[in-house]
Structures are given as structure tokens and as C-alpha cells.
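Report on the structure
Okay, here's what each chain looks like letter by letter:
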Amino acid sequence: MGIARVFAALLGSVVFAAGSLPAAAEKWDMPTAYAPGNFHSQTAVMFAEAVGRATDGELEIVVHAGGSLFAGGEIKRAVQTGQAPIGERLMSALSNEDAIFGVDAVPFLATSYDDAWRLYQASKPAIVEKLAKQGLVFLYATPWPPQGLYSDRAIDDVADMQGMRFRAYNPATSRLAELMGATPTQIETAELSQALATGVANSLITSGATGVDRKVWEHLSHFYDLQAWLPKNMVFVNKRMWDRLDPETQAVVRGAAAMAESFGWSRSEELAGQHLTMLAENGMQVQPAGAALQDGVTSIGQQMAEEWLADAGASGAQILQTFRNGNGAAKPVRPATLVPTNR
Ligand code: PCA
């Protein structure tokens, strides 16, 4: 497809290191949790291909999407313990380990791609440092499209969520469900269709991307475009495995990661509207949240922002200050050559 060609064209920038390779060929399995067709998974595959080409196959990264190698909830630990050298995980799913990981799932803190990028830049040093302490090397992070509310009935107000069975994907979505009076259950996307089919859940907050990946229109009827936050997936490497790479190969991996990140951010933004169109084409009522619902979730969001700050302490306050001062570089403009040629 066009995207792959575009990515290949960019390889020139990392091929410089191809003359200097690791001593012996390495194969790295890369577990990820989301559908093979999802743009995060596709970005990971392109990243892997870029590394493979630029190292002439000396470092081969094989993506295992859809939780096929490790379920989403197991990936971080698998990489930390060296069962997998590299992996991708939803950052905010780890907020029980450190509130810093939950910075991008605070409702209504950063709701546009530009703000999400600035929040990312403001929080990145703390995230990188936290992962380093856990024996992990951070590579790149890309956002899911803005989060909205799905349900099997009309929801006009937060009160309508009372007693709903709510699918959560991280501690913040569980907390949000509780504050709305719903009952949360933590479910990975790989299990989402089944949970909806069996009635384990009848509502959730997620992106249009996940709604499309899991064909939620088979079970749910309404989508409210809250645009509440843009959570990120992040890719990290086991430090011991990283240290086995020579500096040139590390530079290749970093270069491919930077390209993957820039591509992932652009692709997410491009797809956001298309996903909502697909939900509507498949019979869902796709609409902005009504004022009462939007206001209700916003005030819950304010409470959650205060709770997050209390958990995240001085480091969280520093991140918010940097973000609110408008610091953090502006989002990179996608190079013209990255525009997909298939549309
Ligand atoms: N999809 C993932 C996380 C956020 C998103 O948009 C999920 O639903 O698990």
C-alpha cells in the first residue's frame, strides 16, 4: 500500500548506518495488543521493516499484533523480564505503577492533536526516566484518536449511565465509570467484541479506531464524540537487549522510531474523522454529546484532574506547568513526502 512505499522512501535517512552492523543477526519478537489492521500495528510493522532494511536484516523485528504473543496486560512485564525484547503498550494502562503514565488519560486536559503533542513533550522526560528506572528504553509514542462514549442506548446525561456495564481499559476509565455511576470491567480490545456480544459490557469510552477495529456496531447503537482525551501507545525495549546493540544500530532504531512516531501522529489525525464516518455508515448514531452529557463528564474530568495531580505530586505539577506555559515544541508538520499516495 502507499504508506509502505512512502516509508521505504524515507529509509534513506537511516541507511547511513548499514555498513556497521551488530556482531550477529538478532531477531526480536515485538508483541502488541491491537488488531493487525489498526494504524498502531501498521506503524509498528513499518518501524520493524525500516530497521530490517537499514541493518540489512541484521536486526529483524517481528511484530505480533492482536495480543497473539502476549495479551495487552502482559506486554510490559514480558519486556521488563526479557521474555520479549521489545513491545508496545497503552501508556495509561500503567498508571497504577506511577500516576505519570496516566497523564494522557486525564479527561479534557488535552483534547486536540496539538495539545496532545505538547502534553507529550512536557511529560516525555519524566516518562523516559521512569521507564529507565524499570530497565526499559523508551522509543516512541503515538496517540489514539479522541475518545468518545459508545452505548447501546441514547445517553443524554451522566445520570443515564447509572447502572450501565462499562468496559474500561485503564484505571482512569474505571474511575470515570464509577463517578458516572456505571460498573466498570477491565477488558482488552482483543476481548471487546465478545464482551459486548455476551452483555458483559454495554458501554465504553474509546476511539473511533477501536470501534471500527471491533465492529462495535454489531452490538452498540450510539456514539457521542466527547473528544475527552487522546491516550498514547508507547514502544519500549528491554535495556539489556538494547545494550547489546552497537551504537550505529541503536542510531538506526532511533531513526526508525522517530519516523514511526511522526507517521503515527499524522495517521491518527487523518483517520479520526474517517472512523466516525465508518461508524455512521454501519448504522450507528454518531453525534456530538448533548450539553448536559458534555458538562457532566467535564465536571467529573475536573475532579479526576485534581485526583491525578494529588497522585502525581511535584513531578505532575511540573508537567502541567510546562504544558500550560505553552512549552513543549509544536507538533511537527508532516513532510509532503509522507502524504499517502493511495488517497
Ligand atoms: N483504544 C484502546 C485504548 C484507547 C483507544 O482508543 C482501547 O480501547 O483499549
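Scroll up a little and you will see the structure.
Residues numbered from 1 in each chain as written. Predicted model: local features only at pLDDT ≥ 70, side-chain atom pairs only at ≥ 80, totals over all residues. Heavy atoms only, no water.

**Quick word on the overall build of the protein chain**
Under the convention used in this document: Working definition: helices are DSSP H or I runs of at least four residues, strands are E runs of at least two. Numbering for both runs from the N terminus. Think of it in three bands: with a 1.4 Å probe and only protein chains considered, a residue is buried below 20% of the maximum accessible area for its type, exposed above 50%, and partly exposed in between. Residues are treated as being in contact if the distance between any of their heavy atoms lies within 4.5 Å.
When helices and strands are tallied, the protein chain shows 10 helices and 11 strands. The 343 residues of the protein chain split such that 54% are buried. Pairs at least 24 residues apart make up 80% of the contacts formed inside the protein chain by residues separated by at least 6 positions.

**Details of the sheet that holds strand S4 (residues 136-143)**
Here is the rule: When DSSP locates at least two bridges between a pair of strands, those strands are taken to pair. Structural elements are reduced to axes, namely lines fitted to C-alpha atoms, with helices fitted over the stretch in contact, and the angle between N-to-C directions of any two is expressed from 0 to 180 degrees.
Taken in spatial order, the 3 strands make up an open sheet running S3-S10-S4, and their pairing is antiparallel. Each edge of the open sheet carries a strand with a single partner, namely strand S3 (86-90) and S4. Averaged over all pairs of adjacent strands, the angle between their axes in this sheet comes to 25°, without regard to strand direction. Examined bridge by bridge, S4 and strand S10 (residues 232-238) share 7 bridges and lie antiparallel to one another. Across the sheet, the residue bridging to Ala141 is Met234, located in S10. On top of the sheet, helix H2 (residues 39-54) reaches S3, S4 and S10; it is set at about 130° to S4, its chief contact. Sitting on the sheet, helix H4 (residues 113-133) touches S4 and S10, and the angle it makes with S4 is about 165°.

**Digging into the packing of aromatic side chains**
Applied cut-off: Only the six-membered ring of Trp is used, alongside the rings of Phe and Tyr, when aromatic pairs are assigned; centres must lie within 6.5 Å, and planes under 30 degrees apart are stacked while those over 60 apart are edge-to-face, with the rest tilted.
As enumerated under the stated definition, the model contains 8 aromatic pairs in all. A ring pair is formed by Tyr34 and Trp144, whose centres lie 4.7 Å apart and whose planes are at 75°; its orientation type is edge-to-face. Residue Tyr34 is found in the loop between strand S1 (26-31) and H2, and its partner Trp144 is found in the loop between S4 and strand S5 (148-151); the two are separated by 110 residues along the sequence. Ring geometry for Trp117 against Trp265: centres 4.9 Å apart, planes inclined by 85°, an arrangement best described as edge-to-face. Highlighted residues: Trp117 in helix H4 and Trp265 in helix H9 (residues 247-281), separated in sequence by 148 residues. The class of Trp117 is buried, set by a relative accessible area of 8%.

**A short note on the site of the ligand**
The condition is simple: Nearness is judged by heavy atoms alone; a residue qualifies as near a molecule or strand once a single heavy atom is within 4 Å of it. Pairing of N or O atoms within 3.5 Å defines a polar contact, subject to two protein rules: one partner must be a possible hydrogen donor and the other a possible acceptor, and residues neighboring in sequence count only if both atoms are side-chain atoms. For the area figures, the Shrake-Rupley method with a 1.4 Å probe applies, and any residue is considered shielded solely by the protein chains shown.
The ligand sits among Tyr34, Leu90, Trp144, Gln147, Arg167, Tyr169, Thr189, Thr206, Ser207, Thr210 and Pro231. Within the side chain of Ser207, one N or O atom sits 2.6 Å away from an oxygen atom of the ligand. At 2.7 Å, a side-chain N or O of Thr210 approaches a nitrogen atom of the ligand. Burial of the ligand by the protein amounts to 99% of the accessible area it has alone, namely 260 Å².

**What to know about the packing of H4 against H9**
Applicable threshold: Each angle is binned into one of four classes, with values under 35 degrees roughly parallel, values over 145 roughly antiparallel, values of 65 to 115 roughly perpendicular, and all other values oblique. By definition, any crossing whose near helix is turned counterclockwise from its far helix by less than a right angle is left-handed, and any crossing with a clockwise turn is right-handed. Each residue receives one of three labels: charged for Asp, Glu, Lys and Arg, nonpolar for Ala, Val, Leu, Ile, Met, Phe, Trp, Tyr, Cys and Pro, and polar for the others, Gly being one of them.
Across the interface, H4 lies against H9 with an axial gap of 11 Å and an inter-helix angle of 150°. Accordingly, the angle class assigned to the pair H4 and H9 is roughly antiparallel. Crossing angle aside, the handedness with which H4 passes H9 is right-handed. The segment H4 lies against H9, with Tyr113, Ala116, Trp117 and Tyr120 engaging Glu261, Trp265, Ser268, Glu269 and Ala272. Partitioning the contact of H4 with H9 into residue classes produces 6 nonpolar, 1 polar and 2 charged.

**Some points on the pairing of S1**
Heads up, the condition is: Place the viewer so that the strands point away; then a crossover is right-handed whenever the path from the first strand over the helix to the second strand goes clockwise.
As paired strands, S1 and strand S2 (residues 59-64) are joined by 6 bridges and run parallel to one another. Bridged to Glu26 within S2 is Leu59. The parallel pair S1 and S2 is bridged by H2, and the resulting crossover is right-handed.

**A few points about the packing of H4 against helix H10 (residues 291-324)**
Any two packed helices are characterised by the angle at which their axes cross and by the distance between the axes. The contact between H4 and H10 brings their axes to 9 Å, and the two run at 140°. In terms of orientation, H4 and H10 fall into the oblique class. Where H4 crosses over H10, the handedness of that crossing is right-handed. The residues of H10 that touch H4, namely those facing Asp115, Arg118, Leu119, Ala122, Ser123 and Ala126, are Ser315, Ile319, Thr322 and Phe323. When the residues that make up the contact of H4 with H10 are grouped by side-chain class, the tally is 5 nonpolar, 3 polar and 2 charged.

**Here's the deal with the side chain of Thr206**
Relative to the helices and strands, Thr206 resides in strand S8 (residues 203-206). Once you skip the residues sitting within four places of it in the chain, Thr206 turns out to touch Pro146, Gln147, Gly148, Tyr150, Arg167, Tyr169 and Phe223.

**A look at the sheet that holds S5**
Taken in spatial order, the 6 strands of this open sheet run S7-S6-S8-S5-S9-S11, and their pairing is mixed. Single-partner strands in this sheet number two, and they are strand S7 (183-186) and strand S11 (285-287). Within the sheet, the average angular offset between the axes of one strand and its neighbour, ignoring direction, is 25°. As paired strands, strand S6 (residues 165-168) and S7 are joined by 4 bridges and run parallel to one another. In the sheet register, Ala168 faces S7, and the bridge partner there is Gln186. Running at roughly 145° to S11, H9 makes contact with S5, strand S9 (222-224) and S11 of the sheet.

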